[in-house]
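Listed below are the residues making up each chain.
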Amino acid sequence: MNKQELEKIKQKALEEHIPIIMDDTLEIMEKYLKEEKPARILEIGTAVGYSAICFTEFLDKDGVIDTIEREEERVAKARENIKKVEVEEKINIYEGDAVEILPTLNEKYDAVFIDAAKGKYPFFLKESLRMIKPNGIIFADNILYKGYVLSDYNKHKQRTAVRNLREYIKEVSENPNLETEILEVGDGLAISRMKKQL
Ligand code: SAH
Ligand code: MG
């Protein structure tokens, strides 16, 4: 892949305040995924394709990433970026709302990266659990949402997001088939490994 182009894409996204994956979060995911050599990754929330492009480095030979984005302009930008770094054959973009697209998917994934509307995390989890392979990993970014999630913060317009992120943490923690860690890297990262088949 073209690393110079990737750096340009990253800088441009940062300038435009697009919430791309933070370096420390990516580093942790790299540690997990380089070992797994995933054949198939599902990403919910493509934005301009930055994280998906980074994940192509962790894929097994012939591995593929399916990624979902609902904003038309971002999808167009992502396609452009993916072409620039020459990873078109490794990334497959679904354009539309993940709430509608996920139920239509029937693949099995080695890893899922949840990085979209926080109010929908419990739904994204449910769909991810349906498609994750045994021993697969579900990552959820922004799980601590600026620290709101673990504080008694609940009077704000972000209240629904915070409630749903708390619900997500509760569900992954209580699911006997998952082994979960919540890390304070970036904006918070939940890492849940599927212990066995449901
Ligand atoms: N993963 C990207 C950043 C994603 S930002 C990276 O690290 O490079 C979150 C993106 O999710 C935004 O572009 C937003 O438009 C998209 N999004 C939010 N809710 C969504 C939904 N329900 N369906 C599809 N995309 C969604
Ligand atoms: Mg994020």
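This structure is a prediction, so every number in the text was calculated from the model and none was measured. (Residues numbered from 1 in each chain as written. Chains lettered and ligands numbered in written order. Predicted model: local features only at pLDDT ≥ 70, side-chain atom pairs only at ≥ 80, totals over all residues. Heavy atoms only, no water.)

**Student:** Sorry, what's going on with the coordination of the magnesium ion (ligand 2) here?
**Tutor:** Tetrahedral coordination by four donors puts the ideal angle at the metal at 109.5 degrees, and octahedral coordination by six puts it at 90 or 180 degrees. Distances from the magnesium ion (ligand 2) to its protein donors, Asp115 (OD), Asp141 (OD) and Asn142 (OD1), fall within 2.1 to 2.2 Å. Here the donor residues of the magnesium ion (ligand 2) share one chain and are spaced in sequence as D-x25-D-N. Of this pair, Asp115 sits in the loop between β4 (109–114) and α6 (121–131) while Asn142 is found in the loop between β5 (132–141) and α7 (159–174), placing the two residues 27 residues apart along the sequence. Each of the two residues, Asp115 as well as Asn142, counts as buried. (Donors = N, O, S within 2.8 Å, 3.2 Å for Na, K, Ca; no water. Helix = DSSP H or I, 4+ residues; strand = E, 2+ residues; numbered from the N terminus. Buried < 20%, exposed > 50% of the residue type's maximum accessible area, 1.4 Å probe, protein only.)

**Student:** Would you mind showing me how to read the side chain of Ser192 here?
**Tutor:** Note that Ser192 resides in strand β7 (residues 189–194). A distance of 2.9 Å separates polar atoms of two side chains, one belonging to Ser192 and the other to Thr180. When neighbours within four sequence positions are excluded, Ser192 is seen to be in contact with Gly136, Ile137, Ile138, Val172, Leu178, Glu179 and Thr180. (Polar contact = N/O pair within 3.5 Å; in protein donor to acceptor, adjacent residues only side chain to side chain. Contact = heavy atoms within 4.5 Å.)

**Student:** When you look at the site of ligand 1 in this model, what are you seeing that I'm missing?
**Tutor:** Near ligand 1 you find 20 residues, and of these Ile21, Gly45, Glu69, Arg74 and Asp115 are the closest. With respect to ligand 1, the backbone of Gly45 contributes an N or O atom lying 2.8 Å from a nitrogen atom. One nitrogen or oxygen atom from the side chain of Arg74 is found 2.8 Å from an oxygen atom belonging to ligand 1. Protein burial of ligand 1: of its 580 Å² of free accessible surface, 94% is covered by the chains. (Near = heavy atom within 4 Å. Areas by Shrake-Rupley, 256 points an atom, 1.4 Å probe, with all protein chains shown as cover.)

**Student:** Would you explain the pattern of salt bridges in this entry?
**Tutor:** Any two side chains of opposite charge can pair, given that their charged atoms come close. Taken as a whole and assessed by the stated rule, the structure comprises 16 salt bridges. In this structure, the salt-bridge partner of Glu174 is Lys170, at a minimum N-O distance of 3.6 Å. Of this pair, Glu174 and Lys170 both sit in helix α7, four residues apart, which is roughly one turn of that helix. You can call Lys170 partly exposed: its relative accessible area is 45%. When salt bridges with common partners are traced through the structure, they connect Arg40, Asp66 and Glu107 into a single cluster. (Salt bridge = Lys/Arg side-chain N within 4 Å of Asp/Glu carboxyl O.)

**Student:** Can you walk me through the side chain of Asn142 in this structure?
**Tutor:** Asn142 gets classed as buried once you look at its relative accessible area, which sits at 15%. Only 2.8 Å separates the side chain of Asn142 from the side chain of Asp187, close enough to count as a polar contact.

**Student:** Looking at this model, I keep getting lost on the sheet that holds strand β2 (residues 64–69). Mind explaining?
**Tutor:** Hydrogen bonds between backbone groups are what pair the strands of a sheet, and the pairing can be parallel or antiparallel. Strand order in the open sheet made by the seven strands is β3-β2-β1-β4-β5-β7-β6, with mixed pairing throughout. In the strand order of this sheet, the two ends are held by β3 (91–95) and β6 (178–183), each with one partner. The mean inter-strand angle of the sheet, taken between neighbouring strand axes irrespective of direction, is 15°. As paired elements, strand β1 (residues 40–44) and β2 share five bridges and run parallel to each other. The residue of β2 that forms the bridge with Ile44 is Ile68. Docked against the sheet, helix α4 (residues 72–84) engages β2 and β3, running at close to 170° with respect to β3. (Pairing = 2+ DSSP bridges. Axes fitted to C-alpha atoms, helices over the stretch in contact; angles between N-to-C directions.)

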